[in-house]
Amino acid sequence: MRHLPLIAGFCLLAAAMPVWADRIGDISETSVIEQAKRFFSFRDPSVRYALIGSVLLGISCGLMGGFIVVRKMALFGDTLSHAVLPGVALGFLWNMEKDPVAIFIGATLAGLLGGAMVALIRQTTRLKEDTALGIVLASFFAVGICLLTRIQKMPGNKGGLDEFLFGSAASIGRSDIILMAVVTSLAVLLVGLFYKEFLVTSFDAAFARAAGFPVNIINYALTLLLAFSVVVALRAVGVVLVSAMLITPAAAAYLLTDRMHRLLGLAALFGVISGAVGAFISFLTTNIPTGPLMVVAATMVFALAFFFGPHHGVLMRWWRQKSRSARVQRENTLKAVYHVLEAREFDGEGVSLRELAERRRETLDEARAQSDALCKHHMATLHDDGDAIHLTPEGWQRACEIVRNHRLWELYLTNEANIAPDHVHEDAEIIEHVLGEETVRELERALNHATRDPHGRVIPGLADLVSGSTPFGSPETVTGYTSR
Amino acid sequence: MNELLPVFEWQQHVIAPWTTGLKSTLWIVLMGFFVATACGLLGNYLILRRMALVGDAISHSVLAGIGVAVVLALQLDTATLFIAALAAGMATTLIIEIIHRYTRVKQDAAIGIAFTSLFALGVILISFKSGKVHIDTECVLYGEVALVPLENFHLSLTPALVGAIDKLPMSEVYLRGNELVMAPDVVRMGFVALAVALLVWVFYKELLVSSFDPALAFSLGINATFVHYALMALLSVVVVSAFESVGAILVVAMLILPGATAHLLSARLPVILALTVLHAALGTLLGFHLATWLNCSIAGAFVVAGMALFLLAWLLSPHDGLLAQWHRRRNLKLEPPEEISSTSSAGN
């Protein structure tokens, strides 16, 4: 909805500015920088039309694309976009010129007919959805190709009809822009007004039906709006690649957010960006059609979201996973230090690296690397020329927490889940790193603040954690809890 | 509107191509038949495995492979094309797999993203070089069977062979003196179709079992993953050899329409395979004459004729057709409810 003023502003701009520059396509020999200057000066009406057109198509495709991506109807969008081709040809035949309104009506009708045929094939035959989509896609496209090639061999002015295949932003005229603006505003308005209805039917059709929403009518409306957005994008992107402008920006937005209204906004934004970038590059070059450039721009946006998305991005997830496994590794080292100290009844200063390596059955180098990691996180300090480590208060607290989590969980499994004591260790090894303080409190309550684990060892208690006391007291002072 | 449909003349549009224009007619019809047969036989398995749209994806992204080959200024000979197609097909499968596995984007959207990007890339790469290479972007979409180079493949024969071949029907088309004259692309497509038919015949059991019941296939020792990738590889090769004549999008129709029509008429795989070949032959013949009549894209007309056959089968199929369904439903309504209950109890 918030894009409406923007659209209106662009439309006014387009209508009010006098047409004083010639079309950019007329200039054959200019440098890239020259062309870029022309583009950004916005003096050419064709530049303005192309830009406004790509903004409009970005908005309408992004909006509808958001719905088809969450509805898993992406390939239905592909089919619909191919099925409009015969309608384009028939709209042209109406009075043998590129009349935007006639082409719009023809294309929309053809798209809806294609959608209806998919539904009919699925209802009345054993053929599955993918086959039905493929049949309609290719057959309608073939009819369109036959009509187009036929028209090209007929007498009369029929130039530029093949622009509808791959798109040409430079050929967008004023009447195209007006039509695109009207259709896009209609789509934005309808989605804004019936947002709740579209949302509910998209995510939970059964609930929507039970709640009394007219699900069928909403689905028809969505198909109609989808056909609209395909037709809006047709001139600039072309029949073949419209589906990419529906799917790719919306899929990129889907990677970045969990809220539908944000998804729709982001999808529209990405659509606008890729449309504008595609239009810009197609002005710099001479013989590359606009549609593929816009699609490649959209793919770039998707790739960025795929790698760098803050939550679902591959790199972020990889980094999170790496830091998590490093933390688990550190905590295991702390636990080993605790075990070594416990084995000699908390007697003596610190732990030598040799003892640590023996405890974890590792080489001395590995033990050294791990104690370095601990030192880096201020959980331990190195002593005796780097041969022994002493835990800092924080390190000691975390070590006690981990050991406590481990032993509490073992006890819980034996007492409450009736698992044999020699089978609980593996599970506790995993859960000790993820137990939160609240869960620990609950466990302690459930176990009546027990002090010994199933193997008879002491569970470190609150006093060790809060006071951050040094590990060099007697076992009694370390345990904290008095036994019952 | 009158100019759209020229007057249909039996003599000019049906008889003449087979008499005066026999040479080009035969090659074009053969090409169409080979393409439709190779695609249709493979397409059957795509339909059974619910992978019809993966066929769509691969047929689009083959263009990226061709584009890369064009930019690297490679000769577009058979081997290069096949390698480019294989690489592109595998890249598509891989991209779909990566997007599907590492993000929460669903499979259908992943397919949509993968093939549109590769197709767009292919178009851009080819447009860069379109001045120097004979591929143009419209040809990419719907191909042109009529542009398939004719008769630059010559083979000298021994007199004994010439005598034998001379007795074959229509020998004036491919025999010049003591030389065998052929259209190389048609011959190549013929070999591809033959290879597909042979593979389908030899690995009939493996394909059947792994398509219908992957678990049973596994217990029989059939590697379903291998069958899947082999199918994808074969698909890439077939698509790229059909590319020049029918283009990237119409090849989808060639893949799906024959099989879908056959599926409406029968539920037995051998019958379906036979019907697929029949559909390919009929669709090609009818399509050729449609194109001669309307003077439009031949490949497009092949598909329109194939679609007409599909619509006929949909309407008239003896068991699943719309008419048969309608008829059954009408008969059902006429029967009184008592009779139904009595027959069902008698059956028990």
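Parameters and conventions
- Residues numbered from 1 in each chain as written.
- Chains lettered and ligands numbered in written order.
- Predicted model: local features only at pLDDT ≥ 70, side-chain atom pairs only at ≥ 80, totals over all residues.
- Helix = DSSP H or I, 4+ residues; strand = E, 2+ residues; numbered from the N terminus.
- Buried ≥ 20, exposed ≤ 12 C-beta atoms within 10 Å, placed from the backbone.
- Contact = placed C-beta atoms within 7 Å.
- Axes fitted to C-alpha atoms, helices over the stretch in contact; angles between N-to-C directions.
- Parallel < 35°, antiparallel > 145°, perpendicular 65-115°, else oblique.
- Left-handed = near helix turned anticlockwise from the far one by under 90°.
- Nonpolar A, V, L, I, M, F, W, Y, C, P; charged D, E, K, R; others polar.
- Pairing = 2+ DSSP bridges.
- pLDDT = per-residue confidence, 0-100.
- Expected span 1.5 Å × (residues − 1).

Quick look at the overall build of chain B
- Across its full length, chain B carries 16 helices and three strands.
- Each of the 348 residues in chain B was classed as buried or not, and the buried ones make up 43%.
- Within chain B, contacts between residues separated by at least 24 positions form 71% of all contacts whose residues are at least 6 apart in sequence.

Considerations on unusual backbone geometry
- Here A:Asn448, not a glycine, exhibits a phi torsion of approximately 55°, which is positive.
- For A:Asn448, the location among the structural elements is in the loop between helix 21 (437-446) and helix 22 (462-467).
- By the C-beta count within 10 Å, which is 8 here, A:Asn448 ends up exposed.
- Non-glycine residue B:Asn295 carries a positive phi angle of around 55°.
- Structurally, B:Asn295 can be placed in the loop between helix 13 (269-294) and helix 14 (298-316).

Looking at the packing of helix 14 (residues 260-284) of chain A against helix 15 (residues 290-308) of chain A
All names here are of chain A.
- Where helix 14 contacts helix 15, the two axes come as close as 8 Å, and the packing angle between them is 135°. Put simply, helix 14 runs oblique to helix 15. For the crossing formed where helix 14 meets helix 15, the hand is right-handed. Between helix 14 and helix 15, the residues in contact are Phe270, Ile273, Ser274, Gly275, Val277, Gly278, Ala279, Ile281 and Ser282 and Thr290, Leu293, Met294, Ala297, Ala298 and Val301, respectively.
- Residue classes in the contact of helix 14 with helix 15 are distributed as 10 nonpolar, five polar and no charged.

Points about the interface of chain A and chain B
- Listed by partner, the interface residues are 52 residues for chain A and 54 residues for chain B.
- Breaking the side of chain A that touches chain B down by element, the ones donating at least two residues are helix 4 (74-83), helix 7 (129-152), helix 8 (163-166), helix 13 (242-254) and helix 15 of chain A.
- Among the elements that line the side of chain A that touches chain B, the one with the most residues is helix 7 of chain A, at 15 residues.
- When its residues are assigned to classes, the side of chain A that touches chain B shows 33 nonpolar, 11 polar and eight charged.

Focus on the sheet that holds strand 1 (residues 351-352) of chain A
- The three strands lie next to each other as 1-3-2 (chain A), forming an open sheet whose pairing is antiparallel. For this open sheet the edge positions go to strand 1 and strand 2 (380-383) of chain A, each flanked by a neighbour on one side alone.

Comments concerning the confidence of the model for chain A
- Per-residue confidence for chain A gives a mean pLDDT of 81; residues scoring 70 or more make up 86%.
- In the model of chain A, helix 23 (residues 475-479) of chain A stands out as the element of lowest mean pLDDT, 39, in contrast to helix 13 of chain A, which has the highest, 92.

A closer look at the pairing of strand 3 (residues 388-391) of chain A
Residue and element names in this part refer to chain A.
- Inspection of the sheet shows strand 1 paired to strand 3 by two bridges, in the antiparallel sense. Within the sheet, the bridge partner assigned to valine 351 lies in strand 3 and is isoleucine 389.
- Relative to strand 3, strand 2 is paired through four bridges, and the arrangement is antiparallel. From the neighbouring strand, alanine 380 faces strand 3, where its bridge partner is leucine 391.
- Counted between consecutive antiparallel strands, the loop separating strand 2 from strand 3 contains four residues, among which aspartate 384 sits at a positive phi close to 55°.

A look at helix 5 (residues 107-128) of chain B
- In a regular helix each residue adds 1.5 Å, so 22 residues correspond to 32 Å; helix 5 of chain B covers 32 Å between its end C-alpha atoms and thus fits that length.
- The buried fraction of helix 5 of chain B amounts to 20 of the 22 residues, a majority that puts the element mostly inside the structure.

Details of the confidence of the model for chain B
All names here are of chain B.
- Residues with a pLDDT of 70 or more make up 78% of chain B, whose mean pLDDT is 80.
- Ranking the elements of chain B by mean pLDDT puts helix 16 (residues 337-347) last, at 48, and helix 14 first, at 92.
- Note that residues 342-348 has pLDDT below 50 and, in this model, zero contacts with residues that lie over four places away or in other chains.

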